[in-house]
Protein chains: 2
Amino acid sequence: MKQVYVDRIAQVRQMMEQNGWDAVVVGGSDPHSSEYPAPRWQQVKWLSGFTGEAGDLVITRDHAGLWTDSRYFIQALDQLEGTGVELHKTRVPGAVSIPQWLCDNARVVAVDGLCQSAGAKMEFSEALPEDGEVVDAPDMFDSLWEDRPQYPVTPITTLDVECFGGIQRTEKVAWLRKWMLLQGVDRVLLSSLDEIAWMLNVRGNDIEYNPLVISYLLVSQDSVKWFVRKGTTDYDPETEDSFSELVADGVEIEEYDDVVYALKDFSGETAAVRIFIDPSTLNLHIYDSIREAYPDDCIIMGTSPVILEKAVKTESEIVNLRQTYIEDGVAMECFLHWLEKEVASGREVTEWEASEKLTEFRSQVPGYRGNSFENISAYGPSGALPHYSTPHEGSAVIRPYGLYLVDSGGQYLGGTTDITRTVPMGDCTYIEKEDYTLVLKGMIDLSMSVFPKGTTGHQLDALARMPLWKAKRNFGHGTGHGVGYYLCVHEGPQSIRFQPNPQPLLPGMVTSNEPAIYREGMHGIRHENIVLCREAGVSDFGEWLEFETLTLCHIDTSAVIPELLGPEAMQWLKEYNSRVYETLAPLLPEDVAQWLREKTIS
Amino acid sequence: MKQVYVDRIAQVRQMMEQNGWDAVVVGGSDPHSSEYPAPRWQQVKWLSGFTGEAGDLVITRDHAGLWTDSRYFIQALDQLEGTGVELHKTRVPGAVSIPQWLCDNARVVAVDGLCQSAGAKMEFSEALPEDGEVVDAPDMFDSLWEDRPQYPVTPITTLDVECFGGIQRTEKVAWLRKWMLLQGVDRVLLSSLDEIAWMLNVRGNDIEYNPLVISYLLVSQDSVKWFVRKGTTDYDPETEDSFSELVADGVEIEEYDDVVYALKDFSGETAAVRIFIDPSTLNLHIYDSIREAYPDDCIIMGTSPVILEKAVKTESEIVNLRQTYIEDGVAMECFLHWLEKEVASGREVTEWEASEKLTEFRSQVPGYRGNSFENISAYGPSGALPHYSTPHEGSAVIRPYGLYLVDSGGQYLGGTTDITRTVPMGDCTYIEKEDYTLVLKGMIDLSMSVFPKGTTGHQLDALARMPLWKAKRNFGHGTGHGVGYYLCVHEGPQSIRFQPNPQPLLPGMVTSNEPAIYREGMHGIRHENIVLCREAGVSDFGEWLEFETLTLCHIDTSAVIPELLGPEAMQWLKEYNSRVYETLAPLLPEDVAQWLREKTIS
């Protein structure tokens, strides 16, 4: 089984030999720096069998290594066994990064320039010896990879802004053009897929869990060119309608691969053309094309302005989000009710079955367009893996005691959801209850916070951790990530993290609030709500912001130790559960509403 | 009275005319970037009458302006009235900095290069037009300033490290030399006075409140040269003894003004000499001398390594600090007892008298060497000025109701103290009690925090503010500053602030914890303890730190609203007051001990 990876890496080494490369670096992303690349770009998996969401592979003549972080250490050791690929741990004390490691082990490094960002190349180049070189070898494994999946082409839909909120694409283009004038740039190339989907109000299914269309967008003062695969083999009426609507709004539909020519087309231009790019997401291949065609001082690099604009949700998006979280809450409560009854009945429900059942409930929500990431359905020790991937076969049976963790979310026309509940299935140990309560206190303390304009998520992070910290416990991931609007479940620029991030929280930003704890071999606990940052008025002391909790799904009180939670958080919990019941009960089947009533009376 | 300032500014304008200067910038510091400059360098005060601790003056042909921050707005408006000098507010939204303002109003800018840091000149130079110029005119007001105070020369003492903790100067020099080897530099010039005092274990009284000696220190691998005014007129036996001790340890005593020659002396050197300087504190005059004598690539600039080394107190310093805070607490309790009895007796005690009495109690402490800053003794509305300067004449009478704020500290051989207590003198209004309780809750919440290694003060700042923030209240200064060891009461590099500071808190660092609130015309409240960062053990989740409260002086509970403080903080307060009583009672006069017992039983 593992021999296939050994063979493939041997073939890569032959290719290296033929080309005079000392090393090949294989990134885990696609030409658009997507979080979840389509199968065509799962090159790390094809070469090594590793399926984690984050991992880069480096092959030299005598070494093959996978660089990944603590979320995937256990999984990597398991999946890499017998492949000859060794694990290199990242984000640990003394970790050696790929560029650092390369500088001692290679002079000529080949990368698939389509799947490495320009920023990554800059890092490699700096680390290599003076006579070192980074070679761009796009699609380098094509000749070795039989049946390599094609570029995905899925139907393209447009968003009905009147119904589902947001801003018309013509207004967004006008905003970007004004920004360009202020910055003195003539063209902006967008390559990040959620930025393009947001700009054009289009959605597709090219990427799993992310409703995106693989494409580039080139905006100037007199044109908007969208470079996209048109799906030549199958005529799709929905896509055709979408194209017509876009054309009517002045968007020119071009072939995906023609972006390189368009970038180099200066016809009609009378002066030097200045182009704006974001090197952190633009792939090296396109970046090098631009470097060939534009003088250095005409390439303006920075963070795309779309990222911040997209993160601040509009009034109409917020109205839709509130409704979407109610409907998502209905699905969650139906699921939790089903789970409790099934397990109590003595039937052996596995993590996988539970996960499937949850998706079934969610798919009944109007406007459901799929899940926003792979469900994490984890009982007992499985929960101790923050990114546990529930196996189809042989997943654990959920027993009527201990803790079951479920982290899931949906893509809806009215927004993207993300929620984690940790459910006491019956009796819990004292340490389970203690951890459950401390994590919950952190989540509630952050929820209750009020803060002046200008505050960053970095400044608030300690509030969510302090109850754990006081017990000398902690968790290794961020407390909160931005959440897109029927877009990616993880987005920037804001975050709530231990690591510095200078972006202040702004009214309209939607962020997760998810402290946690993981004890290997025992249990994992995470309580996650999605919160909206909103205005909280003005006082003699300035302007204030606060969080509105969007997520509506009760939090089980049976594992709460009240003295540890404290009176203020207890009061919050009581009010939250009451709000969940009041809001959802009218929408739930009678038996579920009755059950929820009992769950939320305290 | 104010005419004198009008006349002086007119004379400066004549000087500008004669020299072809468009503007003169007068900084508020001395040649060593000291926080409290000696009278000789109080040039802003001499020119404008403004006595605040932070303020820079800019004079052009048709404008004179004082730049200062919100702590001094009220004072500045009052003191500048009738002088023709206008207030420019700093650290407010839309504030225009001096460099920004200069770029529109001047081409040739003169500064006293002795009293501007090299870093400040860089800022000015960048802001000026291309043909602009910064002219160094050292001691430019000498010809106008009759009776300008001389350079201060006070007796120099050495520290007895055996008795009062710390590290021998020979060891400190060895440490610095090792650092120099690692950095590849041949010479280090120290100009910041507390860094020099720390390196050499010397103290003086050249600067008010700061036990420092005006000097430079030049360290190389084979010499340590200390450039200091030797006090030629008066022979001082203490200073002579100190010099002898230093010489015995290999320190060469040189004349202060000879530093310029020593910097340019390369005799005996066979290769290019690389010098390390810290441009944020080195004055422009010396900096320019160095620029003349060294090639650019031999001037290594950065943050002085002494700053961090000095901030981490040694075990023996910590032992002494604990004892010093006990003794300082005894003085504080005697004072608070005296104040309550006096006011209750119906006698009219003024803020000034109280301040003098406090200094009297403190001066009875063994090892007392003066106050560490000017006492702030403020009753009622006076407390609303964070840096209230209690007037000798006409200060307010302390009444038997409302709040009295006293912020003070001592310099002792065994360390530097800083404490603020806000004392309910009798009945208080609800808003006074509410503010008192919320500020106290913030101080206690921060005191109780536990945090992993690597945490910065910036990450903890919100803990001290959240109780206020939840009531939409705030304060405009930092929550905590570093405190020196029988050195400056304000030191870096760590801080606990809303503004980012990347320095993690390290075991051995001593920091203030002083949330506050100020209501103009009503009251000011600040609760300040000094805390030591210390190890809190290791768990499965990493290595932990916590704060030990060094300050020992009871916190009055009569203005506390228990429901608002919450049970956890109430418990902390109870235990803290008990600890204060248990520790101090045996050292207090019987009546004070009895009174303290009543104050601390709750």
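Note that the coordinates shown come from a computational prediction; the quantities given were computed from them, not determined experimentally. (Residues numbered from 1 in each chain as written. Chains lettered and ligands numbered in written order. Predicted model: local features only at pLDDT ≥ 70, side-chain atom pairs only at ≥ 80, totals over all residues. Heavy atoms only, no water.)

Undergrad: For this particular structure, what's the right way to read unusual backbone geometry?
TA: Most peptide bonds adopt trans geometry, and most residues besides glycine take a negative phi value. Geometrically, the link from G492 of chain A to P493 of chain A is a cis peptide bond, its omega value of 0° lying close to zero. Tracing the chain through its elements places P493 of chain A in strand β23 (residues 491-496). If you check the backbone angles, R91 of chain B has positive phi at about 55° while not being a glycine. By the element assignment, R91 of chain B lies in the loop between β4 (86-89) and α4 (98-105). Note on R91 of chain B: relative accessible area 68%, which makes it exposed. With a phi close to 55°, D147 of chain B is a non-glycine residue in the positive phi region. For D147 of chain B, the location among the structural elements is in the loop between β6 (133-136) and β7 (157-158). (Helix = DSSP H or I, 4+ residues; strand = E, 2+ residues; numbered from the N terminus. Buried < 20%, exposed > 50% of the residue type's maximum accessible area, 1.4 Å probe, protein only.)

Undergrad: What is the right way to read the packing of helix α15 (residues 430-447) of chain B against helix α16 (residues 457-470) of chain B from this model?
TA: Helix-helix packing is described using two parameters, namely the angle between the two axes and the distance between the axes. All names here are of chain B. Here α15 crosses α16 at 155°, and the two axes come no closer than 7 Å. Between α15 and α16, the interaxial angle falls into the category roughly antiparallel. With respect to the hand of their crossing, α15 and α16 are arranged in right-handed fashion. Where α15 approaches α16, its residues L438, V439, K441, G442, D445 and L446 are matched on the opposing element by L460, L463, A464, P467 and L468. Here the residues of the contact of α15 with α16 are counted per class, giving eight nonpolar, one polar and two charged. (Axes fitted to C-alpha atoms, helices over the stretch in contact; angles between N-to-C directions. Parallel < 35°, antiparallel > 145°, perpendicular 65-115°, else oblique. Left-handed = near helix turned anticlockwise from the far one by under 90°. Contact = heavy atoms within 4.5 Å. Nonpolar A, V, L, I, M, F, W, Y, C, P; charged D, E, K, R; others polar.)

Undergrad: Teacher, can you tell me more about the pairing of strand β1 (residues 23-26) of chain B here?
TA: Note on strand geometry: in a regular strand, side chains alternate between the two faces of the sheet. Residue and element names in this part refer to chain B. Along β1, one buried face is formed by A23 and V25 and the opposite face, lined by V24 and V26, is buried too. In this structure, β1 lies alongside strand β5 (residues 108-111), joined through three bridges in parallel fashion. When the bridges of β5 are listed, A23 appears paired with V109. (Pairing = 2+ DSSP bridges.)

Undergrad: Can you walk me through the sheet that holds strand β19 (residues 415-416) of chain A in this structure?
TA: By definition, the strands of a sheet pair up through backbone hydrogen bonds, in either a parallel or an antiparallel sense. Residues and elements named next belong to chain A. Strand order in the open sheet formed by three strands is β15-β18-β19, with antiparallel pairing between adjacent strands. Whereas interior strands pair on both sides, the edge strands pair on one side only; in this sheet they are β15 (368-371) and β19. Sheet topology places strand β18 (residues 410-412) next to β19; two bridges connect them, and they run antiparallel. Within the sheet, the bridge partner assigned to Q411 lies in β19 and is T416. Strands β15 and β18 of the sheet are contacted by helix α14 (residues 351-363), whose axis makes an angle of about 160° with β15.

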